[in-house]
Amino acid sequence: MPHHFQKTLFLVCNAHLDPVWLWTWEEGLGAALATFRTAVRFCETREGFVFNHNEALLYQWIEEHDPSLLKKIQALVRAGKWHIMGGWYLQPDANLPSGESFVRQILTGRRYFSSRFGVEPRVAVNLDSFGHSRGLVQILKKSGYDGYLFCRPDGKWLNLPADDFLWEGYDGSTLTAHRAGDHYNSFAGKMESRIRRYLDSGKTRKQKLLLWGIGDHGGGPSAADLKAVDKIASENTGWKIIHSTPESYFETLDKQSAPRFSKSLNPWAVGCYTSMARVKQLHRRLENDFLRGEKITLHASLAGLMDYPRRDLQEALHDLLFCQFHDCLPGTSIAEVESYILQRLNHGLERINRLQVHAFFRLLQGQPEARPGEFPVLIYNPHPFPVDDIFTAEFQPEEPNTDSSRWLMPVPHPDFQEAIISQVEKESCNIQADQRKRICFRTTLPPGRMTRLGWVLEPVKIQDKPSLQQPAGMIWTFGNKTCAISINRKTGRIQSYRCDGFEFVMSEAGRARIMKDNADPWGMHVKSFSRQTGEFALMTPEQSARASGVSACRLPPVRIIENGPVRTTIESLFFYRDSTLCQRVRFPFTGREIEIELIVNWNEKDRMLKWCWPTPFKPGICRGEDAYGTQHFQENREWTAQRWMAVSPPEENRLLTIINDRIYGFDCVDGELRLSLLRSPAYSGHPVDGKECIVRQDRYETRMDTGTHVFRFWIQGGPFHDRLNRIAGEAAVKNQPPIIVSCNPAGGKDPLPALFSIEDPGIQITAMKKGEDSNWVVCRLFNPTLGRINTRLHLPVLQTGTTVEIDSMEIKTLAYDPLTETWFETDLMENCMTASCRKPT
């Protein structure tokens, strides 16, 4: 008797396969080969079975190490028995990468699957990522997706209106999303009971999706489980049970009646925002150096000075994308994997550095050579707007000065005295002789081009050499026309920071708080790190001398170490148990921005370090940078943001912003921004039910992130809308700083035209590159401000430009075809959105 089906269960068989986690990549490669061979065998022998798998990286491994296996998979894809799902390069962490990194994960993966299999998946898949940025919605929509499938956070951590819902992005666009609450793995031989339990839990549903397959270390389907599926499918359960794909399930959903969700899918595993600080630091650096490298090599290639290095850029990009894997960047892998990830990140940085240097020296064409006695300093600004900032550079005189009666003072060459203000600071080396020179200077760099400056050495009497004077009194105050800062010498902390007469500090800023933690790098069972167990305290003069390694018995723990017409640097030394912290506050002679440098020697276990700035804003409205968006954050929870965080009062008339270049985790409690710097969990310290302790208690276990770390922050207070409109550009400059080299150009009178400029600096140009499969110049723009902007983009190097209109939080990709001399818009995958443009060949 035929069955009458009213409901459908879509079985999506996969084999979650971490390329690295508790194993190295070599073992991950072996698991991928074994898993794919098994899956091919079942696809070839079992009628109706469909196997699903994503991650271009794994298919690349198959192509390299077993080409015949890839050919079998290609045949199965054509036959509809193997489904390419997801379409990304791999399953990255879905919170910490920048918006542009997500674009490249998708672009790289989709190009590979299109070229090898002729497919373009429509449902994106991140099953094991520990949370998901709201910025993904617009990125996915503009990359050709109409669905998103994920597992975490589950219902215990994130209350969604339904498992099928419309996810709304920062720009207002929507995408259908499904949370697979039963997660992605199944255990061998347990499929029958799993299906029956799952069907019982969804009696009111017309369709359900169930992910299954042995996973984490691969495996996929088993013969016993496939028999169990056949058995249940043959029963009169009222359910049609089919082997299927994510796309087939999403096609059945009623998108018109789906509830809407307008937040990021967070938080879960909040310890991942801070674990493995060295990986996170190098990742941020490679992420930004790569984008800067694309820009400067594009500039040199458009100027006809070098070939565009597509292959080298792609290899560095693959290093970056691999290290964004959801057990690498979050810091949940074993120590051997951490070492490998650092190796890959450094490999990518080396490749990009060589490309940048090659392009930099090519772009020196037309720059005048050094005049007698001059030391030129060349600076390339990779941003499309003028950059007014403080910079440092070093240069080497021809020989050391051996005249003990005089000292050689670097001063700007007469041609540049109106353009720059400079002072001398301690050089990086430690040679107690008049030799190497380090200059600190403020200047304004024009957009997208090389700037040439120069210094000369003027001999001064040794008694006239600049010296440091320590002020009297317990409170040191430093001020300029727009702001002032006070340092309490008794505590070493910032007692006051006033901008235009408004106070941005409540009590003392710069407290380094120690919070209770454990050995779990995920932070699986916590929503915040809120219990304080200690605090760094100011050293005594005796402790300061020992920590500094000086010969004297006493050294003041708070002292001025640099001073001049550009900035003053105040250094304070702190300790907590076995750890030390050196804090350097740099106060500018002009402007509101103060720089904080922290040098931490961290030797604690089961503790977290937070650096805190209490504001007078209670309650505080907290916001921060997300992937192509700005997110608002609830107080008293651990969150993740990217290059900047900020807090304002409820009336939003003032805003305190903090830029960073290497951290992600933070929280905000009663208007106090607390930046999460370091943890000390165990490598892959996974909590196990029934086990009180995470690590074994019979031996020594190395903890991650012990040792010396350096952190830098740039803090500025001001009027709310002014700060909000400027912060994205300022954060871009700190994370992609101009390239500075002291060198002697070959000579010339006609410097090269700029790469680009934009008339409204509120618009960010997040990527500038050549097309993946064309000679188009591809320009990605993003509007982080609160309103629509109409502006003009210029490409002086090609003598062209175009008008741009871009809404708040909108990503827009423009392309210029040098052959037809036309501008047009593309999607994020570089598909032309107008019928008139020429297709790339």
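Cut-offs used in this document
- Residues numbered from 1 in each chain as written.
- Predicted model: local features only at pLDDT ≥ 70, side-chain atom pairs only at ≥ 80, totals over all residues.
- Heavy atoms only, no water.
- Helix = DSSP H or I, 4+ residues; strand = E, 2+ residues; numbered from the N terminus.
- Buried < 20%, exposed > 50% of the residue type's maximum accessible area, 1.4 Å probe, protein only.
- Contact = heavy atoms within 4.5 Å.
- Areas by Shrake-Rupley, 256 points an atom, 1.4 Å probe, with all protein chains shown as cover.
- Axes fitted to C-alpha atoms, helices over the stretch in contact; angles between N-to-C directions.
- Parallel < 35°, antiparallel > 145°, perpendicular 65-115°, else oblique.
- Nonpolar A, V, L, I, M, F, W, Y, C, P; charged D, E, K, R; others polar.
- Pairing = 2+ DSSP bridges.
- 1 Å grid on protein atoms, 1.4 Å probe; cavity = no way out; pocket = protein on both sides within 12 Å on 5 of 7 lines; lining within 4 Å.
- Points joined across faces, edges and corners; volume = space filled by probe spheres on them.
- Core = buried A, V, L, I, M, F, W, Y, C linked by side-chain atoms within 4.5 Å.

(A) Region of the structure containing the overall build of the chain. What the chain contains, in helices and strands, is 13 helices and 44 strands. Along the three orthogonal principal directions, the C-alpha set of the chain runs to about 105 × 65 × 50 Å. In the chain, which comprises 841 residues, the share counted as buried stands at 61%. Pairs at least 24 residues apart make up 73% of the contacts formed inside the chain by residues separated by at least 6 positions. Working note: accessible area of the chain is about 33,000 Å², and carbon and sulfur atoms make up 48% of it.

(B) Examining the packing of helix H1 (residues 25-45) against helix H2 (residues 56-65) more closely. At a minimum axis distance of 10 Å, the contact between H1 and H2 shows a crossing angle of 80°. In this view, H1 runs roughly perpendicular relative to H2, as classed from their interaxial angle. Contact residues: Trp25, Gly28, Leu29, Ala32, Leu33 and Phe36 in H1; Leu58, Tyr59, Trp61, Ile62 and His65 in H2. Its residues placed into classes, the contact of H1 with H2 shows 9 nonpolar, 2 polar and no charged.

(C) Looking closely at the sheet that holds strand E4 (residues 123-126). As summarised here, the arrangement of the 5 strands in space is E4-E5-E7-E6-E10, forming an open sheet in which the pairing is mixed. In this open sheet, the two strands that pair with only one neighbour each are E4 and strand E10 (260-261). Sheet analysis places E4 next to strand E5 (residues 147-150), joined by 4 bridges and oriented parallel. Bridged to Ala124 within E5 is Tyr148.

(D) Spotlight on the pairing of strand E42 (residues 800-806). By the criterion of burial, E42 is predominantly enclosed, with 5 of the 7 residues buried. Pairing analysis gives 7 bridges linking strand E41 (residues 789-795) to E42, with the strands arranged antiparallel. Bridging across to E42, Thr791 finds its partner in Val804. Hairpin remark: E41 followed by E42, antiparallel, with 4 residues in the connecting loop; positive phi at Gln799, about 55°.

(E) Structural view of the sheet that holds strand E38 (residues 757-758). Here we have 3 strands laid out as an open sheet, ordered E38-E41-E42, and antiparallel in their pairing. Here the strands that pair on one side only, and so sit at the sheet edges, are E38 and E42.

(F) View of empty space enclosed by the protein. Within the structure shown, the criterion is met by 9 cavities of 30 Å³ or more. As a volume, the largest cavity reaches approximately 380 Å³. Lining the largest cavity we find 28 residues, and of these Ser98, Glu625, Tyr628, Arg643 and Thr766 sit closest to its centre. At the level of elements, helix H4 (99-117), helix H9 (277-302), strand E29 (621-626), strand E30 (629-633), helix H13 (720-735) and strand E39 (764-770) are the ones that each hand at least two residues to the lining of the largest cavity. For the lining of the largest cavity, the per-class residue count stands at 11 nonpolar, 10 polar and 7 charged.

(G) Highlighting the pairing of strand E27 (residues 594-602). Counting buried residues along E27, 7 of its 9 residues qualify, which places the element largely inside the surrounding structure. Taking the residues that link successive antiparallel strands as the turn, the strand E26 (residues 579-588)-E27 hairpin has 5 residues, and the phi of Gly591 there is positive, at about 95°. Sheet topology places E27 next to strand E36 (residues 707-719); 9 bridges connect them, and they run antiparallel. Bridged to Glu595 within E36 is Trp714.

(H) Molecular detail of the nonpolar core. In this structure, Tyr59, Trp82 and Ile195 are the most contacted members of the largest nonpolar core, which totals 114 residues. Examining the composition of this core, we find that 10 residues originate from one element, helix H11 (residues 335-362), more than from any other. Residues within four places of Ile195 in sequence aside, it is in contact with Leu9, Leu11, Leu210, Val229, Ile232 and Ile241. With 51 residues, the next largest nonpolar core counts Val600, Phe617, Phe633 and Leu677 among its residues.

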